[in-house]
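Structural overview for review
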Amino acid sequence: MGFLAQLKSLFTSPSGESNVLMLYVKCKHCGAPLAVRVNLANDLSADYDHGGFVLTKEMMDSRCFTLMRAEIRFDAARQVVERKIDKGEFITREEYVAMSQ
Ligand SMILES: [Zn+2]
């Protein structure tokens, strides 16, 4: 079993849901809220320069079609350590729910 396969098996749960990170963002231009699913087992890339993992995610809101680009860094345990987003803003799940109503 390769290193990556071992990592994957470590983070695979029967339900598969523990691998999922939800990102909530809003468009800086029109304020449209967006929820994006990240699969922690498959979507992250190893960060050889800093250790841990990195994820680059592009997403488009459905109101003004602004393309937002999020860059998120994870430690070796796949906990978020740093995140930034271009043309958007991170919001909480609660804010997302409130804005989606
Ligand atoms: Zn927008």
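Below, the structure is looked at part by part. (Residues numbered from 1 in each chain as written. Predicted model: local features only at pLDDT ≥ 70, side-chain atom pairs only at ≥ 80, totals over all residues. Heavy atoms only, no water.)

Attention now goes to the environment of Ala-70. In this structure, Ala-70 sits in strand E5 (residues 67-74). In the structure, Ala-70 is positioned 45 residues away from Val-25 in sequence and 9.3 Å away in space, judged by C-alpha atoms. Residues contacting Ala-70, with those up to four places away along its chain left out, are Leu-55, Thr-56, Lys-57, Met-59, Lys-84, Ile-85 and Phe-90. (Helix = DSSP H or I, 4+ residues; strand = E, 2+ residues; numbered from the N terminus. Contact = heavy atoms within 4.5 Å.)

Now for the pairing of strand E2 (residues 33-39). Of the pairings in the sheet, the one linking strand E1 (residues 20-27) to E2 comprises seven bridges and is antiparallel in character. Residue pairing in the sheet places Met-22 in a bridge with Arg-37 of E2. If you look at the hairpin formed by E1 and E2, you'll find five residues sitting between the two strands, and Gly-31 has a positive phi there, around 80°. (Pairing = 2+ DSSP bridges.)

Turning our attention to the sheet that holds E1. Spatial strand order, E2-E1-E7: three strands in an open sheet with antiparallel pairing. The sheet is open, and its two edges are formed by E2 and strand E7 (88-90), each paired on a single side. Between one strand axis and the next, the sheet turns through 35° on average, direction left out of account. Two elements, E1 and E7, share three bridges in a ladder whose sense is antiparallel. (Axes fitted to C-alpha atoms, helices over the stretch in contact; angles between N-to-C directions.)

Let us now look at a nonpolar patch on the surface. Among the surface-exposed residues, Met-60, Phe-65 and Leu-67 lie close enough to one another that they form a single nonpolar patch of about 320 Å² accessible area. Here Met-60 shows up in strand E4 (residues 53-60). Judged by relative accessible area, Met-60 falls into the partly exposed class, the value being 47%. (Patch = residues over 30% accessible without salt bridge, like charges linked within 9 Å, V, L, I, M, F, W, Y side chains within 5 Å. Areas by Shrake-Rupley, 256 points an atom, 1.4 Å probe, with all protein chains shown as cover. Salt bridge = Lys/Arg side-chain N within 4 Å of Asp/Glu carboxyl O. Buried < 20%, exposed > 50% of the residue type's maximum accessible area, 1.4 Å probe, protein only.)

With that out of the way, let us pick up the coordination of the zinc ion. Angles at a metal have ideal values that depend on geometry: 109.5 degrees with four tetrahedral donors, 90 or 180 degrees with six octahedral donors. Donor atoms from the polypeptide that bind the zinc ion are Cys-27 (SG), Cys-30 (SG), Asp-61 (OD) and Cys-64 (SG), placed at 2.2 to 2.3 Å. What the four donor atoms of the zinc ion show is an angle range of 89 to 132° at the metal, which sorts the shape as tetrahedral. (Donors = N, O, S within 2.8 Å, 3.2 Å for Na, K, Ca; no water. Tetrahedral: all angles 85-135°; square planar, octahedral: opposite > 155°, others 65-115°.)

With respect to the element layout, Asp-61 can be found in the loop between E4 and E5. The charged side chain of Asp-61 is buried without a salt bridge, its nearest counter-charge being Arg-63 at 5.8 Å. Within the structure, Asp-61 has its side chain in polar contact with the backbone nitrogen of Arg-63 (distance 2.7 Å). Those residues in contact with Asp-61, other than ones at most four positions away along the chain, are Cys-27, Cys-30, Ala-32, Leu-34, Thr-66 and Met-68. (Lys, Arg positive; Asp, Glu negative; His and termini not counted. Polar contact = N/O pair within 3.5 Å; in protein donor to acceptor, adjacent residues only side chain to side chain.)

This brings us to the nonpolar core. Soluble, globular proteins show a tendency: their nonpolar side chains are buried together. Ranked by size, the top nonpolar core spans 17 residues in total, and within it Val-25, Leu-44, Met-59, Met-68, Phe-74, Ile-85 and Phe-90 carry the most contacts. Broken down by secondary-structure element, the contributors of at least two residues to this core are E1, E2, E4 and E5. Those residues in contact with Met-59, other than ones at most four positions away along the chain, are Val-25, Leu-34, Val-36, Thr-66, Leu-67, Met-68, Ala-70 and Ile-85. (Core = buried A, V, L, I, M, F, W, Y, C linked by side-chain atoms within 4.5 Å.)

Time to look at the environment of Met-68. Examined against the element boundaries, Met-68 turns out to sit in strand E5. On a C-alpha basis, the gap between Met-68 and Asp-86 in space is 5.5 Å, while along the polypeptide they are 18 residues apart. Among residues more than four places away in sequence, those in contact with Met-68 are Val-25, Lys-26, Cys-27, Leu-34, Lys-57, Glu-58, Met-59, Asp-61, Ile-85, Asp-86, Lys-87 and Gly-88.

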